[in-house]
Amino acid sequence: MMKKLTATLVLAFIAVLSFAQQSPVKWSSSAEKVDGGQYKVTITATFAEPWHIYSQNTPDGGPVPTSFTFAKNPLVSLVGKTKEVGKMQTVHDKNFGVDVKYYSNKVSFTQLVKVKGNVKTNLSGEVEFMVCNDHECLPPSSSKFSVALK
């Protein structure tokens with residue numbers, strides 16, 4: 001009896017953990033050589049309706065904005081800020097009490113980087129984001145990325 005109860009509790013715990021970690025957002029990344037040792041790195045989020053992901057420029061008091069942390073690499077320097085490419089919507093969210101900026105279905109974030117010398121290296125890091133629909137928000141999540149610069 002005790003073994004069955006323990007096994008049931010362990011399976012239930014595993015099921016809850018695996019369900020809790022299911023994000024509706026799928027991330028992909030790529031790099032394109034532009035010129036002069038520079039690359040355009042693109043990190044794309046895709047997700048189905050009714051989910052949406054927030055802009056990097058979300059006001060205080062609102063949901064967690066999408067943000068990027070790039071790992072230090074002495075061969076790579078960032079050029080400018082990370083840009084957003086997608087169909088942004090701005091609405092007043094009564095749950096947060098502020099105007100929020102978000103994307104539905106797909107958004108790409110691009111970062112221009114410069115590689116020192118003519119070497120092959122990687123740009124890696126982590127994106128933190130929050131995804132919501134009309135009824136709920138999932139806790140903030142993060143996803144690691146790594147893209148080859150060659």
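None of these values were measured; they are calculated from a predicted model.

## As for the state of the cysteines
Phase 1 of the analysis: Applying the stated rule across the entire model yields one disulfide.
Phase 2 of the analysis: The side chain of Cys-132 participates in a disulfide bridge whose partner is Cys-137; the two sulfur atoms lie 2.0 Å from each other. Residues Cys-132 and Cys-137 are joined by a disulfide whose S-S torsion is about 105 degrees; by sign, that bridge is right-handed.
Phase 3 of the analysis: Looking at Cys-132, the relative accessible area reads 1%, which means it is buried.
Phase 4 of the analysis: What makes Cys-137 partly exposed here is its relative accessible area of 34%.

## Notes on the nonpolar core
Phase 1 of the analysis: In terms of nonpolar packing, the biggest core is built from 24 residues, with Trp-27, Ile-53, Leu-123 and Leu-149 touching the most fellow members.
Phase 2 of the analysis: Counting only elements with at least two residues in this core, the list comes to strand E2 (38-46), strand E4 (67-70), strand E8 (106-115), strand E9 (121-129) and strand E11 (141-149).
Phase 3 of the analysis: When near neighbours in sequence (up to four residues on either side) are disregarded, Trp-27 contacts Ile-43, Thr-44, Ala-45, Ile-53, Phe-109, Val-127, Phe-129 and Ser-143.
Phase 4 of the analysis: If you look at the next biggest cluster of nonpolar residues, it comprises six residues, including Tyr-54, Val-98, Val-100 and Tyr-102.

## Comments concerning the confidence of the model for the protein
Detailed reading of predicted coordinates is not advised where the pLDDT is low.
Phase 1 of the analysis: When pLDDT is averaged across the protein, the result is 88; 86% of the residues are at 70 or more.
Phase 2 of the analysis: Here residues 2-19 is modelled with pLDDT under 50, and outside its nearest four sequence neighbours on either side it reaches zero contacts, counting other chains as well.

## What to know about the pattern of salt bridges
Opposite charge on two side chains lets them pair, provided their charged atoms get close.
Phase 1 of the analysis: Tallied over the full model, the rule gives one salt bridge.
Phase 2 of the analysis: Across the pair Glu-126 and Lys-144 runs a salt bridge whose closest N-O atoms are separated by 3.8 Å. In this pair, Glu-126 sits in strand E9 while Lys-144 sits in strand E11, placing the two residues 18 residues apart along the sequence.

## Concerning the environment of Gln-22
Phase 1 of the analysis: As for its position among the elements, Gln-22 is in the loop between helix H1 (2-20) and strand E1 (26-33).
Phase 2 of the analysis: Assessed through its relative accessible area of 55%, Gln-22 is described here as exposed.
Phase 3 of the analysis: Remark: the alpha-carbon pair of Gln-22 and Leu-138, spanning 116 residues in sequence, is separated by 9.8 Å.

## Overview of the sheet that holds E11
Phase 1 of the analysis: Read from one edge of the open sheet, three strands run E4-E9-E11, paired in antiparallel fashion. At either end of the open sheet lies a strand with only one pairing partner, and these are E4 and E11. Between one strand and the next, the sheet's axes are offset by a mean angle of 25 degrees, whatever the strand orientation.
Phase 2 of the analysis: Pairing of E9 with E11 involves nine bridges; the strand directions are antiparallel. Across the sheet, the residue bridging to Glu-126 is Lys-144, located in E11.

What counts as what
- The numbers attached to residues start from 1 for each chain and follow its sequence in the written order.
- Reporting in this predicted model follows two pLDDT cut-offs: at least 70 for local features of residues, and 80 or more for side-chain atom pairs to be given and counted; totals over whole chains, interfaces and linings ignore these cut-offs and use all residues.
- Excluded from the side-chain calculation are hydrogens and water; included are all heavy atoms of the structure.
- Put simply, a disulfide is two cysteine sulfurs that come within 2.5 Å.
- Exposed residues in this analysis have more than 50% of their type's maximum accessible area, buried residues have under 20%, and partly exposed residues fall in between, with area computed by a 1.4 Å probe over protein chains only.
- To define a nonpolar core, start from buried Ala, Val, Leu, Ile, Met, Phe, Trp, Tyr and Cys residues and group those joined through side-chain atoms within 4.5 Å.
- Secondary structure follows DSSP: runs of H or I at least 4 residues long count as helices, runs of E at least 2 residues long count as strands, and numbering of each begins at the N terminus.
- Note on contacts: a residue pair is in contact if any heavy atoms of the two residues lie within 4.5 Å.
- Every residue gets a pLDDT, meaning the predictor's confidence in that residue, from 0 to 100.
- Each reported salt bridge corresponds to a side-chain nitrogen of Lys or Arg within 4 Å of a carboxyl oxygen of Asp or Glu.
- DSSP-based pairing: two strands are paired if at least 2 bridges between them are found.
- As a rule, the C-alpha atoms of each element are fitted with a line to give its axis, helices using only the stretch in contact, and angles between N-to-C directions run from 0 to 180 degrees.

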